[in-house]
Amino acid sequence: MSSKSRKKVLLMGKSGSGKTSMRAIIFKSQLAADTRRLGATIDVENSQIKFLGGLRLDLWDCGGQDCRSSHTERGRNSRLTLCGRIAFMDSHLTAQSSTVFRSVHSLIYIFDAESPELLTSDTVYFLKCLRALRDQNPPSSSSSSSAANNGGASANGNGNGSSSASNDEGPTVFVLLHKMDLVPVDQQGSKLAEFENEVTKKAREGGYKGGMQFYGTSIWNETLYKAWSVVMANLMPSLSSLRTHLDHFLDLSGASEIVLFERTTFLVISSVTRTTPSASGEEGDEVASEAKDWDERRFERISTMVKAFKLGCSKIRSPFSSLSVSTRHYTAVLDALSPETYILVVAKGHIQTAALELNIRLARPHFA
Ligand code: GTP
């Protein structure tokens, strides 16, 4: 397999920050409540995940156990027997540094939002990881100057980040401030913004010039899907041509919105929304202002709901295949598009779902 289709992604953060929980929910379809029973990751757990278009995700879940870890507090006695005084985090940064950090496509670093050491020792570990990442993946001279010209970080505080760090400029870094459900809702925005500013400042002072994208996440809501959808989209080389195909489909079908999901994880791969009038004759302004009012997190909410529904179906041994919803205002069909994807087509008004199903059937050869 070529190195281009195989992408190494590191999942790091201190022990108990929630790395394995995320992995279990996204890639193994576990329920959030079941993550309470997960054991600690011993050293590194490596999983190979087949993704869209022959892409293979090489996910390294790097156990964060250190000597001060909170395993006893969390009552994970079995873990203590296994881990003893091993400091996995230290070992990733020293003896195993070249094995862990070399040829990395992306680093996803998880911070526990409720950690009392968030901006002290937790950040220090993160900065050490950035340094190891830079040392093991030195950028080429041309790309490092372009990163500097970009002003480095493109963090945007609320999860809609567009990275200034393309992978030619070194590994892409995603920073997740996790367990945000434990932070009062009215403080979540300011906590993330303050954290982002502080960590970015420290990273710059430490000489890190690459980009970082910050997201607030929780396993208890769709924010997890939002962040991971961006991570996945970042790994896919052919995203722009896929979008062109979706745009074309949107035009031909007269739909209001089309969303493409990865089949196993139900992460959003791409989406297109109508902002100009369709042939059916709505006013352009009306279409644009309607789209503006839609819930910004609707795709991730759908990911979460469909994943839960699929799980329910598998429990009663009735495999999920497709879903149609028709109301007075909208008609929507979610169906398989290719062996690796599901497509959601949403059209305005009450129309026959069979019409949308036919459109999907006709589109399949173009996405095969
Ligand atoms: P190591 O394997 O030791 O490195 O830990 P880890 O980072 O993999 O942590 P793990 O996924 O095992 O999660 C530790 C605990 O945090 C579990 O009890 C999870 O249920 C809990 N947890 C994970 N994510 C969240 C979250 O978003 N919110 C809350 N409240 N708890 C979470």
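Everything below is about the structure printed above this text.
From a predicted model like this one, the values you see are computed outputs, not experimental measurements.

Colleague: Teacher, can you tell me more about unusual backbone geometry here?
Modeller: Trans is the common state for peptide bonds, and a negative phi is the common state for residues other than glycine. Backbone geometry at S103 places phi at a positive 55°, although glycine is not the residue there. Mapping S103 onto the fold places it in the loop between helix 4 (97-101) and strand 4 (106-112). Positive phi outside glycine occurs at K179, with the angle close to 65°. With respect to the helices and strands, K179 occurs in the loop between strand 5 (172-178) and helix 7 (185-205).

Colleague: Looking at this model, I keep getting lost on the packing of aromatic side chains. Mind explaining?
Modeller: In this description, a pair of aromatic rings is defined by centroid distance and the angle of the planes. Using the criterion set out here, one finds ten aromatic pairs in the structure. Both rings, one in F266 and one in Y342, keep their centres 5.5 Å apart while their planes meet at 40°; by these two values the pair is tilted. Linking F266 in the loop between strand 7 (257-262) and strand 8 (268-273) with Y342 in strand 11 (residues 341-348), this pair joins segments that are 76 residues apart in sequence. Taken together, the ring pairs in this structure connect Y109, F111, F126, F195 and F214 into an aromatic cluster. When the ring centre of W60 is taken as origin, the NZ or CZ atom of K8, which lies over that ring, is 4.1 Å away.

Colleague: How do you make sense of the pairing of strand 9 (residues 323-326) when you look at a structure like this?
Modeller: Within a regular strand, the side chains alternate between the two sheet faces. Here strand 9 runs beside strand 10 (residues 330-338); their pairing, made up of four bridges, is antiparallel. Pairing of V325 across the sheet is with A332, part of strand 10. Here strand 9 folds back onto strand 10, and the loop between the two strands holds three residues.

Colleague: Before we go on, may I ask you to explain the packing of helix 1 (residues 19-28) against helix 8 (residues 223-235) in this structure?
Modeller: For any two helices packed against each other, the geometry comes down to the angle between their axes and how far apart the axes lie. Packing of helix 1 against helix 8 leaves a shortest axis separation of 12 Å and a crossing angle of 75°. With respect to helix 8, the element helix 1 is oriented roughly perpendicular. Contacts from M22, I25, I26 and F27 in helix 1 reach L224, Y225, W228 and M232 in helix 8. Considering only residue class, the contact of helix 1 with helix 8 consists of eight nonpolar, no polar and no charged.

Colleague: So what exactly am I meant to see when it comes to the nonpolar core here?
Modeller: Soluble globular proteins tend to pack their nonpolar side chains together in the buried interior. If you look at the biggest cluster of nonpolar residues, it comprises 46 residues, and the most contacted ones within it are I108, W228, I258 and I343. A total of seven residues in this core trace back to one element, the largest contributor, which is helix 8. What I343 contacts, discounting residues up to four positions off in sequence, is L246, F249, I258, V259, L260, V333, L334, D335, L337 and I360. Counting residues in hydrophobic clusters, the runner-up holds 31 residues, among them A113, Y125, L130 and A132.

Colleague: Could you clarify how one ought to interpret the pattern of salt bridges in this entry?
Modeller: When the charged atoms of two side chains lie near each other, side chains of opposite charge can form a pair. Using the criterion set out here, one finds twelve salt bridges in the structure. R297 is the salt-bridge partner of E222, the closest N and O atoms lying 3.4 Å from each other. Of this pair, E222 sits in the loop between strand 6 (212-216) and helix 8 while R297 sits in the loop between helix 10 (284-293) and helix 11 (298-315), and the two are 75 residues apart along the sequence. On the basis of relative accessibility, which here comes to 38%, the residue R297 falls in the partly exposed class. Connected through salt bridges with shared partners, the residues K14, E117 and D122 form a single ionic network.

Colleague: In this structure, what is going on with the packing of helix 9 (residues 239-253) against helix 12 (residues 353-367)? I would like to understand it.
Modeller: Packing of helix 9 against helix 12 leaves a shortest axis separation of 11 Å and a crossing angle of 155°. Judged on the interaxial angle alone, helix 12 and helix 9 are roughly antiparallel. Handedness of the helix 9/helix 12 crossing: right-handed. For the pair formed by helix 9 and helix 12, the contact residues are L242, H245, L246, F249 and S253 on the first element and N359, I360, A363, H366 and F367 on the second.

Colleague: Just to check I follow, could you spell out the state of the cysteines for this structure?
Modeller: One way to say it: the disulfide is the covalent bond shared by the sulfur atoms of two cysteines. Inspection of every chain in the model, using the stated rule, returns zero disulfides. The thiol of C62 is not disulfide-bonded; the next cysteine sulfur, from C129, is found 8.2 Å away.

Colleague: Help me understand the sheet that holds strand 7, please; the structure alone is not making it clear to me.
Modeller: Adjacent strands of a sheet pair through backbone hydrogen bonds, lying either parallel or antiparallel. Strand order in the open sheet formed by five strands is 8-7-11-10-9, and the pairing between neighbours is antiparallel. Two strands close off the open sheet at either side, each with one partner strand: strand 8 and strand 9. Pairs of neighbouring strands in the sheet enclose a mean axial angle of 15°, with direction left out of account. Note that strand 10 and strand 11 share eight bridges and pair antiparallel. The residue bridging A332 from the neighbouring strand is V346, located in strand 11. Each of strand 7, strand 8, strand 9, strand 10 and strand 11 is contacted by helix 11, which is oriented at about 50° to strand 7, the strand it contacts most.

Conventions adopted
- Residues numbered from 1 in each chain as written.
- Predicted model: local features only at pLDDT ≥ 70, side-chain atom pairs only at ≥ 80, totals over all residues.
- Heavy atoms only, no water.
- Helix = DSSP H or I, 4+ residues; strand = E, 2+ residues; numbered from the N terminus.
- Phe/Tyr/Trp six-rings, centres within 6.5 Å; stacked < 30°, edge-to-face > 60°.
- Lys NZ or Arg CZ within 6 Å of the ring centre and 35° of its normal.
- Pairing = 2+ DSSP bridges.
- Axes fitted to C-alpha atoms, helices over the stretch in contact; angles between N-to-C directions.
- Parallel < 35°, antiparallel > 145°, perpendicular 65-115°, else oblique.
- Contact = heavy atoms within 4.5 Å.
- Nonpolar A, V, L, I, M, F, W, Y, C, P; charged D, E, K, R; others polar.
- Core = buried A, V, L, I, M, F, W, Y, C linked by side-chain atoms within 4.5 Å.
- Buried < 20%, exposed > 50% of the residue type's maximum accessible area, 1.4 Å probe, protein only.
- Salt bridge = Lys/Arg side-chain N within 4 Å of Asp/Glu carboxyl O.
- Left-handed = near helix turned anticlockwise from the far one by under 90°.
- Disulfide = S-S within 2.5 Å.

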